[in-house]
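# Structure at a glance
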Amino acid sequence: VLHTSETTRLILNVGRAFRAPTLREKFLTTSTCLGMYCGDVHLKPEESLNVDVGFKGIVRPLLFEVYGFNTLVDNLITAVPQAESDECDYRYTNTAEAWLLGGEARVSLLLDDLFVHGLDLKPFLSASYVWGQDHQSGEPLPKIPPFNTSAGLRLDARFDSVVRSLYLEARMTYHGPQDRVAAHTDENGVRVEDEKRTPQYFLFDVMAGMKIGKFWIFEGGRLNLVCENVANAAYRDHLSST
């Protein structure tokens, strides 16, 4: 971590990782609500090289964070759909050489003591994207989420009482279409897609809550109420198998 100034930081991380397959991934056949997952005794452990970089800071009233990552994985363990199998809906397998690239960013404004003391307003905007590819086949990796972004407003109120603070937050999220889906080539040389393409969708969420200070025999507490997908929009998340 490099402090480029009193209010900004540059973050750089380079590392290697090793992950052995779990007992479930190697030996077990597991029934889940998403289907039958079958292990593979020949699975090899994952080895990866990771490079992450980030930049964050505060230039009041602006707060910002930007992060990016580049990961190369040997023998990535993934659960691949088995469309032609009667026993397994998914089977764990190795992707010999995988490449993951992506990033995320968040920007917000902190407007302190808006109109009255103790009332803060915080508009925010965030976005993230992940790109994954099998180096050998050139096909996209499975289970890669599409581009998504969200924007919203958060209102905080602070008090000098048992109720220390209240908040109200409204957020709109956009999930883009995912057309880069994993596929394989069958014995006839035909490209067969292993997962479903998903269209774009919007979600609207509302949250509220309070923080309570010390009272009676309690040191404090929190209460949160969350209402997701207020508009009751129909959608299918790309990471869902249903």
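Residues numbered from 1 in each chain as written. Predicted model: local features only at pLDDT ≥ 70, side-chain atom pairs only at ≥ 80, totals over all residues. Heavy atoms only, no water.

## Considerations on the overall build of the protein
When its secondary structure is counted, the protein shows 1 helix and 13 strands. C-alpha extents for the protein along the principal axes are approximately 70 × 45 × 40 Å. When burial is assessed residue by residue, the protein has 31% of its 242 residues classed as buried. Within the protein, contacts between residues at least 6 apart in sequence are counted, and of these 58% link residues at least 24 apart. When the accessible surface of the protein is totalled, it reaches about 15,200 Å², and 59% of it is carbon and sulfur. Here the protein carries 24 positive and 32 negative side-chain charges, and the mean point of each set is 7 Å from the other. (Helix = DSSP H or I, 4+ residues; strand = E, 2+ residues; numbered from the N terminus. Buried < 20%, exposed > 50% of the residue type's maximum accessible area, 1.4 Å probe, protein only. Contact = heavy atoms within 4.5 Å. Areas by Shrake-Rupley, 256 points an atom, 1.4 Å probe, with all protein chains shown as cover. Lys, Arg positive; Asp, Glu negative; His and termini not counted. Charge placed at Lys NZ, Arg CZ, Asp CG, Glu CD.)

## Describing the state of the cysteines
Using the criterion set out here, one finds 1 disulfide in the structure. Bridging Cys38 to Cys88, the disulfide has an S-S length of 1.9 Å. When the S-S torsion is -95°, as for the bridge of Cys38 with Cys88, the disulfide is left-handed. With Cys38 in strand β3 (residues 35-38) and Cys88 in the loop between β5 (62-81) and β6 (90-109), the pair connects residues that are 50 residues apart, well separated along the chain. For the pair Cys38 and Cys88, one class covers both residues: buried. (Disulfide = S-S within 2.5 Å.)

## Some thoughts on the confidence of the model for the protein
Averaged over every residue, the pLDDT of the protein is 90; the share at 70 or more is 98%. Looking over the protein, one finds the lowest element-wise mean pLDDT in strand β10 (residues 183-185), namely 82, and the highest in strand β7 (residues 119-134), namely 96. (pLDDT = per-residue confidence, 0-100.)

## Topic: the pairing of strand β2 (residues 29-32)
Of the pairings in the sheet, the one linking β2 to β3 comprises 4 bridges and is antiparallel in character. Across the sheet, residue Thr32 finds its bridge partner in β3, namely Gly35. The antiparallel hairpin formed by β2 and β3 contains 2 residues in its connecting segment. (Pairing = 2+ DSSP bridges.)

## Things to note about a nonpolar patch on the surface
There is a patch of nonpolar side chains on the surface, built from Leu2, Leu10, Leu12, Val14, Leu49, Val51, Val53, Phe55, Val66 and Leu72 and spanning about 810 Å² of accessible area. Secondary structure elements with two or more residues in the nonpolar patch: β1 (8-19), β4 (46-59) and β5. Among the elements that take part in the nonpolar patch, β4 stands out by supplying 4 residues, more than any other. Relative to the assigned elements, Val66 resides in strand β5. (Patch = residues over 30% accessible without salt bridge, like charges linked within 9 Å, V, L, I, M, F, W, Y side chains within 5 Å. Salt bridge = Lys/Arg side-chain N within 4 Å of Asp/Glu carboxyl O.)

## Concerning unusual backbone geometry
Across the junction of Arg60 and Pro61, the peptide omega takes the value 10°, indicating a cis bond. Mapped onto the fold, Pro61 is located in the loop between β4 and β5. One non-glycine residue with positive phi stands out, namely Lys143, at about 60°. Topologically, Lys143 is positioned in the loop between β7 and β8 (148-158). With a phi angle near 55°, Asn232 is a residue other than glycine that sits in the positive phi range.

## Some remarks on the side chain of Thr71
As for its position among the elements, Thr71 is in strand β5. Residue contacts for Thr71: discarding those within four places in its chain leaves Ser48, Leu49, Asn50, Ala98, Trp99 and Leu100.

## So, the layout of surface pockets
Its boundaries defined by the atoms lining it, the largest pocket holds a volume of some 290 Å³. In this structure, the largest pocket is lined by 21 residues; those nearest its centre are Val80, Thr93, Thr95, Ala183 and Asp194. With 6 residues, the top contributor of residues to the lining of the largest pocket is β6. Across the lining of the largest pocket, the residue classes break down as 9 nonpolar, 7 polar and 5 charged. (1 Å grid on protein atoms, 1.4 Å probe; cavity = no way out; pocket = protein on both sides within 12 Å on 5 of 7 lines; lining within 4 Å. Points joined across faces, edges and corners; volume = space filled by probe spheres on them. Nonpolar A, V, L, I, M, F, W, Y, C, P; charged D, E, K, R; others polar.)

## A word on the side chain of His238
Here His238 shows up in the segment after β13 (221-227). Reaching out from His238, the side chain makes a polar contact with the side chain of Thr198 at a distance of 3.2 Å. Apart from the residues lying within four places of it in its own chain, the contact partners of His238 are Ile144, Pro146, Gln178, Val181, Glu195, Lys196 and Thr198. (Polar contact = N/O pair within 3.5 Å; in protein donor to acceptor, adjacent residues only side chain to side chain.)

## Considering the environment of Thr149
Tracing the backbone through its elements, the reader meets Thr149 in strand β8. Taking C-alpha positions, Thr149 is 31 Å from Glu47, a pair spaced 102 residues apart along the chain. Discounting chain neighbours no more than four positions away, the residues touching Thr149 are Leu125, Ser126, Ala127, Met172, Thr173 and Tyr174. A distance of 2.6 Å separates a polar side-chain atom of Thr149 from the backbone oxygen of Ser126.

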